[in-house]
Amino acid sequence: MAFECQECTEVSKNLDNCEKDSCLEQIEAQHINISTLDCHHKNCIKSSYTAKQSPCNNVLSGCRLSITDLPPALISEILNCLDPKELGVVSCVSPILYRLASEHRVWKEFYSERWGLPIVPTSMVSDEKSWKELFVQREFRRPVTSLALDLTSIYSGSWDMAVRVWDRASLKCLKVLRHGDWVWSLAPHDTTVASASGSDVYVWETKKGIPLGVIHNAHDGNIYSLARSHTGDFIFTGGEDGAIHMFEMTSHCVKADIVRVATWIPHSGPVYSLAFEFPWLVSASSDGTMSLIDVRTLLRTRRRSLGKNAMKFKHANPNSLEPPQRMLHGFGANLFSVDIGADLGMASVTNGQFSTLSTEGGSYGAALYVMGDSSVDCGDNTLFYPLVRHNLSLLPCNGSASLLPHLLAGKIGLPYIPSFYSQNGSIDGLLSGVNYGSAQATIMKPSSQSHQSLNQQLRQVSETFQILQLQLGDDSAQRFIRSSIFYLSFGKDDYIDLFLRNTSGIMLKYSGPEFAHILVSQMVDAIKYLYDANVRKIICLGILPLGCTPRAVLDWYNITAVGDDDYGSGCVEEINELILEYNTMLDERIVEMKSELPDAQIIFCDVYQGIMEIITNQNLYGFKDIENACCGVGLRGAMVGCLSVEMACNDAADHVWWDLYNPTHAVNSLLADSTWSGQSLPSICRPFSVQNLVSTSVPDLN
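Numbering of residues begins from 1 in every chain and follows the order in which that chain's sequence is written. Reporting of local features is limited, given that this is a predicted model, to residues whose pLDDT is at least 70; pairs of side-chain atoms are given and counted only at 80 or more, and all residues count toward the totals for whole chains, interfaces and linings. Only hydrogens and water are set aside; all other atoms, that is, all heavy atoms of the structure, feed into the side-chain values.

Draft legend 1. Spatial organisation of the overall build of the chain. For the chain, the helix and strand inventory stands at 22 helices and 29 strands. Relative to all contacts within the chain whose residues are 6 or more apart in sequence, the contacts with residues 24 or more apart total 60%. Using a 1.4 Å probe, the Shrake-Rupley method yields the accessible areas, and only the shown protein chains count as cover for residues. When the accessible area of the chain is evaluated, it comes to approximately 31900 Å², of which 51% is carbon and sulfur surface. Secondary structure counts use DSSP, requiring at least four H or I residues in a row for a helix and at least two E residues in a row for a strand, with both numbered from the N terminus. Contacts are assigned to residue pairs that have any heavy atoms within 4.5 Å of one another.

Okay, here's the thing in structure tokens:
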């Protein structure tokens, strides 16, 4: 294709008749510069444009013929003057120029000048077309900005504005998904993959390679990060504008409806990374902060037409901003990547440095499941309460934090724990926890129908686990259960209704140590049952000093017919000794279980010790009355229980006891501080506090 200019070339003679200015306009319209034609300073070409300027109508019909009307040899010589980028532009003008520009021998020269000749098999460069391909692949190769994988495929996104789907077994490219801008992030799920391209989000069906839906202009600027829920219904986006959006996707065969349902703006810089592990969304930003977002407050459940439970959102206004539950500061540099485990352990990458994080001291990612007797129930789980409650009265909760587990839930960052009987079979009421506790619940199987046994509550727990597995999937449900806290508080009603009152002749059948041994053995069996169901974090409470409660003292006084002086002395030591025996035995068995259940985190909280500390040092803790119930009638306020809140005293905060057997809110608050972090009272939990239990990681599923 070499070209040597001839003096008698016909086109030179014809071009001599063309007016220079007129023809130059036409040539510029074809994106050809005069210097291009004159690059080799050949006399014949130069003279063509410096000759006499006569009208060109007779030769080129008004100079409207294009460069492609030139002989190929002349075109080749012209193309020889171009650099690679210009040659690529020319190849886009017309099929003829594409063929000539692509076949041009100069591509080999370009490659050799830039990188030297490649060491490749001869067959790869046997024709000139391969040199352009090799040059383009190397010159215009773009960085891979994102990677993702599932069980069968690898997904890669690049600045070449494409997502490639690769087979994991053969490593062959199966599909190329074209976009209109650079691809920054990928989030596959099942047979779909979400991709962030510029400010748009695409959802692709990967087998057919077709887009199911597109979110245009989701952010101001580029979208740098994506995350998806385990069900694939929800897509989270993080953008250059520092915002995080949450979208719900509903699939309809060949298309998907995608609606924005929530927005957070926790960052002042671009959001480079998102990670989601139900119910927590974590973001990392260039401003050096991480945000922690709990999506449970947005969820509600609806039943789809196919019978599948799906999560929906309460907020109809997508423009309303949601606050993050917690911001983590102090990194002082760009955060480029973050991930999160099921137990809310987090890892981040900051300017090349890897860090692991926990959420101690802030908002926690655990649900709280409560089992127990009247110490945990306000009557919500007691059937026919308050019509049938015998002589047991309860604290007025009414959705507020009055009992110890409610107060602990608040410290963990959870809402009021709903009762089991308030559930409707959906998942939305289970994600922050459930209270299975019931007034007069006992460890031993009771003969009375008004009592509920420990085993009955375990069956209710199993029902909850089944719902979680159906809604979240087996793996996600198991991880969720492992990270959740189980709170067990039993035994008080066993002593009140079965042993001290000698129901069914219990006191005649068993001695105090024998009765305690039976109760502790069944408690240990319950803990092992929960462990086998994948529970790993358990709080086990001892029994309060029952011998100091108003009704226990009154009953003991009536039975033993002791004098007024003895009655006024305070607590019944005989009853307290029985309780101490149970508490000590349970504490010891929990220590022994550490070797039997090596990855379980079980703590024992001694409320007996805490309340006795208050009674012994009542002035120190601000209590004026340690004997009488605030809400009750008769001696010690214990002859008739608290039938109505209107019966209560005006100074409940001065009393240790609220009613027959339960402490006041003021006492529960001190106990909550002690169990949580060892404050207010000497620490009553061992081997560590509830706060440490919540933030402690448990080994992941094998």
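Additional details are given in the paragraphs that follow.
Draft legend 2. Spatial organisation of empty space enclosed by the protein. Method remark: on a 1 Å grid restricted to protein atoms, a set of points is classed as a cavity if a 1.4 Å probe fits but cannot get out and as a pocket if it is open with protein on both sides within 12 Å along at least five of seven lines; lining residues have an atom within 4 Å of a point. Grid points are joined across faces, edges and corners, and a volume is the space filled by probe spheres set on the points. Going through the model one piece at a time under the given rule, you end up with five cavities of 30 Å³ or more. Empty space within the largest cavity amounts to approximately 210 Å³. Around the largest cavity sit 19 residues that line it, and Ser375, Ser489, Leu544, Val607 and Pro663 are the ones nearest its centre. Counting residues per element, the ones that place at least two in the lining of the largest cavity are β24 (485–489), α20 (607–616) and α21 (665–677). Note on residue classes: Ala, Val, Leu, Ile, Met, Phe, Trp, Tyr, Cys and Pro are nonpolar, Asp, Glu, Lys and Arg are charged, and everything else, Gly too, is polar. Here the lining of the largest cavity is composed, by residue class, of twelve nonpolar, five polar and two charged.

Draft legend 3. Quick peek at the packing of aromatic side chains. Pairing of aromatic rings covers Phe, Tyr and the six-membered ring of Trp, with a centre-to-centre limit of 6.5 Å; geometry is then stacked below 30 degrees between planes, edge-to-face above 60, and tilted otherwise. Under the counting rule described, the total for this entry stands at 13 aromatic pairs. Ring plane angle 20° and centroid distance 5.7 Å describe the contact between Tyr202 and Trp204, whose orientation is recorded as stacked. Joined through ring pairs, the aromatic side chains of Trp182, Trp184, Tyr224 and Tyr272 make up one cluster.

Draft legend 4. Seen up close, the sheet that holds strand β3 (residues 162–167). At least two bridges found by DSSP between two strands is the condition for calling them paired. Taken together, the four strands give an open sheet; going across it, the order is β1-β2-β3-β4, and neighbouring strands pair in antiparallel fashion. Edge positions in the sheet fall to β1 (144–149) and β4 (173–178), since each has one partner strand and no second. In this sheet, adjacent strand axes meet at a mean angle of 20° when their direction is disregarded. In terms of strand pairing, β3 meets β4 through five bridges, oriented antiparallel. When the sheet's bridge partners are listed, Ala162 is paired in β4 with Arg178. Interaxial angle, 0 to 180 degrees, is taken between N-to-C directions of lines fitted to C-alpha atoms, where a helix line uses only the stretch in contact.

Draft legend 5. Structural context of the layout of surface pockets. Estimated volume of the largest pocket: approximately 1000 Å³. Looking at the largest pocket, it is lined by 41 residues, and the ones nearest its centre are Ala148, Leu149, Leu186, Ala187 and Pro188. Counting residues per element, the ones that place at least two in the lining of the largest pocket are β1, β2 (153–158), β3, β4, β5 (183–189), β9 (223–228), β13 (271–277) and β19 (335–340). Among the residues making up the lining of the largest pocket, the classes are represented as 20 nonpolar, twelve polar and nine charged.

Draft legend 6. Broad picture of the environment of Ser689. For Ser689, the position within the fold is in the loop between β29 (685–686) and α22 (690–695). Burial classes: relative accessible area under 20% of the type maximum marks a residue as buried, over 50% as exposed, and values in between as partly exposed (1.4 Å probe, protein chains only). Of the residues examined, Ser689 reaches a relative accessible area of 9% and is grouped as buried. In the structure, Ser689 is positioned 84 residues away from Cys605 in sequence and 8.5 Å away in space, judged by C-alpha atoms. With residues near it in sequence (within four places) discarded, Ser689 still touches Ile603, Thr675, Trp676 and Ser677.

Draft legend 7. Structural context of helix α6 (residues 72–79). Taken across its eight residues, α6 has six buried, putting it largely inside the fold. Of all the residues in α6, the buried ones are Leu74, Ile75, Ser76, Glu77, Ile78 and Leu79.

Draft legend 8. Highlighting the state of the cysteines. To count as a disulfide, a pair of cysteine sulfur atoms needs to be within 2.5 Å. This model, assessed by the stated rule, comprises four disulfides. The partner cysteine of Cys548 in its disulfide is Cys571, sulfur to sulfur 1.9 Å. Across the S-S bond of Cys548 and Cys571 the torsion is about 110°, and the bridge reads as right-handed. Placement of Cys548 in the loop between β25 (537–541) and α17 (550–560) and of Cys571 in the loop between α18 (564–567) and α19 (573–596) is noted, with a sequence separation of 23 residues between them. Exposure remark for Cys548: the relative accessible area of 2% places this residue in the buried category. Judged by relative accessible area, which is 22%, Cys571 ranks as partly exposed. Here Cys605 pairs with Cys685 through a disulfide, and the sulfurs are 2.0 Å apart. Where Cys605 bonds to Cys685 through sulfur, the torsion about that S-S bond is close to 105°, and the disulfide is right-handed. Taken together, the positions of Cys605 in strand β26 (residues 601–605) and Cys685 in strand β29 put the pair 80 residues apart, joining distant regions of the chain. Taking the relative accessible area as the measure of exposure, Cys605 reaches 0% and is therefore buried. As a non-bridged cysteine, Cys540 has Cys605 as the owner of its nearest cysteine sulfur, 8.9 Å distant.

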